Amino acid sequence: MMKDIRIAPSILSADFSRLGEEVRSVEAAGADLIHFDVMDNHYVPNLTFGPIVCASIRPHTKLPIDVHLMVEPVDALAMEFAKAGADLISFHPEATQHVDRTINLIKDSGCKVGMAFNPASPLHVLDWTLDKIDLILIMSVNPGFGGQSFLEHSLDKIAEVRDLIDLSGCDVWLEVDGGIKVDNIASVAEAGADTFVAGSAIFGGTDYKNIISQMKNRIS
Ligand code: DX5
Ligand code: ZN
């Protein structure tokens with residue numbers, strides 16, 4: 001049975017002088033989620049935007065807002081993004097002192113919760129959290145910048161996480177983030193991903209609808 005698949009354009013590569021318009025355009029073009037790459041120039045060597053941008057975009061899209069927190073510490077900002085209208089909040093487990101507490105905080109705020117794993121991060125924290133989360137985000141680049149090349153060894157990690165999820169019987173999305181293109185998305189789906197972040201591949205083009213439908217066609 002064909003599993004649900006989701007394309008999540010990352011606004012990191014959008015034209016920030018027309019951000020509302022860009023979000024409306026990718027929604028009209030068939031996007032399933034809007035991915036917000038939040039960077040604090042502490043956990044990652046780059047700085048993007050805070051909850052105020054989430055709050056301003058919120059009324060302009062019906063799509064779920066998928067917030068990827070590349071910040072340390074996590075808790076206070078996660079609460080602010082929940083208030084600003086986020087639907088899903090993912091954080092890096094290394095960026096919080098107490099992973100279980102952060103998961104509970106995000107869930108108690110009414111949002112779905114995910115955990116993001118850097119290319120060299122081990123997966124063992126999932127042993128005690130897989131049944132509590134809604135999404136696993138596998139970084140196929142080192143976090144901090146759009147437009148990087150897909151790290152091929154991520155495919156093995158994606159396959160390992162797919163097995164973990166299937167064995168657990170838990171309903172957890174497997175999202176991959178970084179270097180996803182029309183030409184490699186089929187291999188990422190083949191490895192077991194069901195949710196795909198793409199920034200430069202989409203916003204770097206002109207015909208968003210064509211790019212997103214090509215991505216979906218390559219997967220199905
Ligand atoms: C890295 C960011 C990027 C972004 C996607 O910290 O998370 O991976 O979402 O960027 P592209 O699709 O341009 O690699
Ligand atoms: Zn991201």
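This is a predicted model, so every value here is computed, not measured.

What counts as what
Each chain carries its own residue numbering, running from 1 in the written order of its sequence. Chains and ligands are labelled by the order in which they are written, letters from A for the one and numbers from 1 for the other. Reporting of local features is limited, given that this is a predicted model, to residues whose pLDDT is at least 70; pairs of side-chain atoms are given and counted only at 80 or more, and all residues count toward the totals for whole chains, interfaces and linings. With hydrogens and water stripped out, all remaining heavy atoms of the structure feed into the side-chain values. Segments assigned H or I by DSSP are reported as helices when at least four residues long, segments assigned E as strands when at least two residues long, and all are numbered from the N terminus. Put simply, the radius of gyration uses C-alpha atoms, and a globule should come to 2.2 Å times the residue count raised to 0.38. Think of it in three bands: with a 1.4 Å probe and only protein chains considered, a residue is buried below 20% of the maximum accessible area for its type, exposed above 50%, and partly exposed in between. Contacts are assigned to residue pairs with any non-hydrogen atoms lying within 4.5 Å of each other. A 1.4 Å probe and the Shrake-Rupley method give the accessible areas. Residues count as covered only by the protein chains that appear here. Put simply, two rings from Phe, Tyr or Trp (the six-membered ring, in Trp's case) pair if the centres are within 6.5 Å, and we call them stacked under 30 degrees between planes, edge-to-face over 60, tilted for the rest. Should a side-chain nitrogen of Lys or Arg be within 4 Å of a carboxyl oxygen of Asp or Glu, the pair is scored as a salt bridge. Working definition: residue near molecule or strand if any one of its non-hydrogen atoms lies within 4 Å of it. Throughout this description, a polar contact denotes any pair of N or O atoms lying within 3.5 Å of each other; where both atoms belong to protein, one of them has to be capable of donating a hydrogen while the other can accept it, and for residues adjacent in sequence the pair is counted only when both atoms sit in side chains. Nonpolar residues are Ala, Val, Leu, Ile, Met, Phe, Trp, Tyr, Cys and Pro. Charged residues are Asp, Glu, Lys and Arg, and all others, Gly as well, are polar. Coordinating N, O and S atoms are those within 2.8 Å of the metal (3.2 Å for Na, K and Ca), and as water is not part of the atoms, a site may appear to have fewer donors than expected.

A. View of the overall build of the protein chain. Along its length, the protein chain carries eight helices and eight strands. What you see for the protein chain is a C-alpha radius of gyration of 16 Å, in line with the 17 Å of a compact globule of 220 residues. Taking the principal axes of its C-alpha atoms as reference, the protein chain extends roughly 45 × 40 × 30 Å. Buried positions account for 54% of the 220 residues belonging to the protein chain. Of the contacts formed within the protein chain by residues at least 6 apart in sequence, a portion of 64% connects residues at least 24 apart. As displayed, the protein chain offers around 9700 Å² of accessible surface, 52% of which is attributable to carbon and sulfur atoms.

B. Representation of the packing of aromatic side chains in the model. Tallying each qualifying case throughout the model produces three aromatic pairs. Ring centres of Phe-36 and Phe-49 lie 5.6 Å apart, and the angle between their planes is 90°; this geometry places the pair in the edge-to-face category. Note that Phe-36 is positioned in strand β2 (residues 34-39) and Phe-49 in the loop between β2 and α2 (51-57), a separation of 13 residues in sequence. The exposure class assigned to Phe-36 is buried, which follows from its relative accessible area of 0%.

C. The arrangement of the pattern of salt bridges in detail. Scanning the entire structure with this criterion turns up 11 salt bridges. Between Glu-22 and Arg-18 there is a salt bridge; the shortest N-O distance is 3.4 Å. Note on Glu-22: relative accessible area 3%, which makes it buried. When salt bridges with common partners are traced through the structure, they connect Arg-6, Arg-162, Asp-166 and Asp-194 into a single cluster.

D. Summary view of the side chain of Thr-195. Tracing the backbone through its elements, the reader meets Thr-195 in strand β8 (residues 195-198). Accessibility expressed as a relative area gives 0% for Thr-195, which makes it buried. Not counting the four nearest positions on each side in its chain, Thr-195 is found in contact with Arg-6, Leu-33, Trp-173, Leu-174, Glu-175 and Val-176.

E. Spatial organisation of the site of ligand 1. Near ligand 1 lie 19 residues; those nearest to it are Asp-37, Gly-144, Asp-177, Gly-199 and Ser-200. At a separation of 2.6 Å, an oxygen atom of ligand 1 approaches a polar side-chain atom of Asp-177. Take Gly-199: an N or O atom from its main chain is 2.7 Å from an oxygen atom of ligand 1. Expressed as a share of its isolated accessible area of 370 Å², the protein-covered part of ligand 1 is 100%. A class-by-class count of the residues in the shell around ligand 1 yields eight nonpolar, nine polar and two charged.

F. Focus on the coordination of the zinc ion (ligand 2). Note on the zinc ion (ligand 2): its protein donors are His-35 (NE2), Asp-37 (OD), His-68 (ND1) and Asp-177 (OD). The metal-donor distances range over 1.9 to 2.2 Å. Mapped onto the sequence, the donors of the zinc ion (ligand 2) take the spacing H-x1-D-x30-H-x108-D. With Asp-37 in strand β2 and Asp-177 in strand β7 (residues 173-177), the pair connects residues that are 140 residues apart, well separated along the chain.

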